[in-house]
Amino acid sequence: MALSCSPFISCQRDLGVFAFPSSSFAIDKRCKTTISKKKILCVVSPQKNKSKPCATGSSKIPMTMTEKILARAAEKGEVRPGENAWVNADVLMINDITCPGICGIFNKEFGNTAKVWDREKVVVIPDHYIFTNDERAHRNVDIARDFCIEQDIKYFYDIQDRSNFRANPDYKGVCHVALAQEGHCRPGEVLLGTDSHTTSAGAFGQFATGAGNTDAAFILGTGKILLKVPATLRFVLDGEMPNYLLAKDLILNIIGEISMSGATYKAMEFVGTTIESLSMEERMTMCNMVIEAGGKNGIVAADRTTYKYLEDKTSASYEPVFSDEKARFLAQYRFDISEVEPLVAKPHSPDNRALARECNNVKIDRVYIGSCTGGKTEDFMAAAKVFLASGKRVKVPTFLVPATQKVWMDLYTIEVPGSGGKTCSVIFEEAGCDPPASPSCAACMGGPKDTYGRLNEPQVCVSTTNRNFPGRMGHKEGQVYLASPYTAAASALTGFVTDPREFI
Ligand code: SF4
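First, a word on scope: everything that follows refers to the structure included in this document. (Residues numbered from 1 in each chain as written. Predicted model: local features only at pLDDT ≥ 70, side-chain atom pairs only at ≥ 80, totals over all residues.)

**So, the overall build of the protein**
Next up, step 1: The number of helices and strands found in the protein is 14 helices and 19 strands.
Next up, step 2: Within the protein, residue pairs in contact and separated by at least 24 positions form 74% of the contacts whose partners lie at least 6 positions apart. (Helix = DSSP H or I, 4+ residues; strand = E, 2+ residues; numbered from the N terminus. Contact = placed C-beta atoms within 7 Å.)

**Focus on the site of the ligand**
Next up, step 1: Taken together, the neighbourhood of the ligand is formed by 13 residues, with S371, C372, C441, C444 and M445 sitting nearest.
Next up, step 2: Of the residues belonging to the shell around the ligand, the class tally is 6 nonpolar, 6 polar and 1 charged. (Near = placed C-beta within 6 Å. Nonpolar A, V, L, I, M, F, W, Y, C, P; charged D, E, K, R; others polar.)

**Considerations on the sheet that holds strand β11 (residues 266–271)**
Next up, step 1: In space, the 4 strands of this open sheet follow the order β12-β11-β10-β13, with parallel pairing throughout. Looking along the sheet, the strands with just one partner apiece sit at the ends: β12 (297–300) and β13 (331–336). Along the sheet, successive strands turn relative to each other by an average axial angle of 20°, direction set aside.
Next up, step 2: Relative to β12, β11 runs parallel, the two sharing 4 bridges. (Pairing = 2+ DSSP bridges. Axes fitted to C-alpha atoms, helices over the stretch in contact; angles between N-to-C directions.)

**Section: unusual backbone geometry**
The phi angle of most residues is negative, glycine excepted, and most peptide bonds adopt the trans form.
Next up, step 1: Cis rather than trans, the peptide bond between P347 and H348 has omega equal to 0°.
Next up, step 2: The residue S259 is not glycine, and still its phi comes out positive at about 80°.
Next up, step 3: Here S259 is to be found in the loop between α6 (247–258) and β11.

**Observations regarding the nonpolar core**
Next up, step 1: Grouped together as the largest cluster of nonpolar side chains are 161 residues, with contacts concentrated most on L70, L92, V124, V367 and A384.
Next up, step 2: Looking at this core element by element, the count peaks at 8 residues for helix α11 (residues 377–390).
Next up, step 3: Residues contacting V124, with those up to four places away along its chain left out, are I94, C99, A144, C148, I153, Y155 and F156. (Core = buried A, V, L, I, M, F, W, Y, C linked by C-beta atoms within 7 Å. Buried ≥ 20, exposed ≤ 12 C-beta atoms within 10 Å, placed from the backbone.)

**Some details on helix α3 (residues 135–151)**
Owing to its 3.6 residues per turn, the α-helix aligns residues three or four sequence positions apart on the same side.
Next up, step 1: Between its first and last C-alpha atoms α3 spans 24 Å; for 17 residues at 1.5 Å apiece the expected length is 24 Å, and the two agree.
Next up, step 2: Residues of α3 that are buried: A137, N140, V141, A144, F147 and C148. Taken end-on, α3 shows its buried residues confined to a sector of 120°, consistent with a single buried face. Among the exposed residues of α3, those oriented more than 90 degrees off its buried face are E135, R136, R139 and I149.
Next up, step 3: Taken together, the buried residues of α3 touch α2 (99–110), β5 (122–125) and β6 (155–156).
Next up, step 4: D152 lies just past α3 and shows a positive phi near 55°. (Expected span 1.5 Å × (residues − 1). Arc of directions from axis to C-beta.)

**Observations concerning the environment of L227**
Next up, step 1: The residue L227 is located in strand β9 (residues 224–228) in this model.
Next up, step 2: C-alpha of L227 to C-alpha of L70: the two residues are 157 residues apart in sequence and 8.8 Å apart in space.
Next up, step 3: With sequence-adjacent residues up to four places away left out, L227 is seen in contact with L70, A85 and V87.

**Quick word on the packing of α6 against helix α8 (residues 280–288)**
Next up, step 1: The N-to-C vectors of α6 and α8 enclose an angle of 20°; their axes lie 9 Å apart at closest approach. Taken together, the axis directions place α6 and α8 in an arrangement best described as roughly parallel. Note on packing geometry: the crossing formed by α6 with α8 is right-handed. Seen from α6, the contacting residues are A247, K248, L250 and I251; seen from α8, they are E282, T285 and M286.
Next up, step 2: Taken together, the residues of the contact of α6 with α8 break down into 4 nonpolar, 1 polar and 2 charged. (Parallel < 35°, antiparallel > 145°, perpendicular 65-115°, else oblique. Left-handed = near helix turned anticlockwise from the far one by under 90°.)

Here's what the structure looks like:
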């Protein structure tokens, strides 16, 4: 049996890649072959796959969710991995740091009087470099504003008064969370954004990925993008989620398993009972970080949880799609969640996986809870739960940056279960954290030197963000440990990297 010689799996059962750290091998029972984990098992060439007609429009071949969405968006009956297709975009998201470049390319290529292809499908979200005195950062937003006014863009979440974000009713905050909260994420659609973590929206059962400035400018003018159809890796996560784990642990585990290049230009489809039990925000955390494994997109099938979330977010109609039973996956990885422990990614790579408890001798200088990955309402609720359970105060400066204006409001209004009526903001204050800051990307990507929470010295930080490359949060000699909000809060309470099971 040849391994890895063909890109498609015919046998999807018994592809056991187990959860770190218990097992380091996978057994294909049918083939009676023991091989190293990460290998592809049981492969046949595509032409040997005897597929039955599927229920997807006019297609006669089974397809994955990602393939179906791209086929529909390309106005084709079917597409295959590796095929290039002109795809219609349903939404194009642009942020403040990419808008000036995109506008310049758009005007150069389409002309100064050109109009965007659809003013209602373009969403412009200032979020990266907002609360700073850096004039160049302000200029980004000014250019975005001028463009949106000129083009009559329907969804421009503007900020003009930086002294008080609440004085800007249109301002949202971090784009990926705002897109979901404002109803721009819908099952079955294609969402492109000029930010690599646009993959977050795959949580809604849609194809969502990052696009460069040139592609974005082309989409602005035509509504289309040329995409190579990615093959799909399937990740099966089964088992009841232990109360000390969060989605961040699950995705750090996967990235640690397959490495930062393990899913290069692949769709990462998440299935299984654990995934089905996750909230939409937790599913977003999973899909957010697929890019750290090189994934083209992450995707979770829409279900009742999705539809419930969307109920008060959008009145637009949408049509979910689902992977066919006989869809072909490049590989399948299976994880038993009961064996996963709280994890961190050590400096300086998201795949530098380690058990939180094994890093308990790492002294830290600060904790940062924020970003599109770890700055959602449920992330703060999780951190508050740890502070509440401990009854202690933090030992290091603890920075809290809500992703959006709505998240910020939630911290002051939603009661934390089991707290006797306290909100997150009260619990954070009692624990000695910094007050929640103005919503934005803040120090997740460093930003100008006066950015809130930025690492301006070579300090050690436990962070709920998604990247820990040298310099990512500011100082190039800073050390960032990526962690879940549980682990971040527990670490704040001890001043060392800490397994949250010490408190919950
Ligand atoms: S919060 Fe961080 S990762 Fe997310 S969009 Fe902003 S800079 Fe990028």
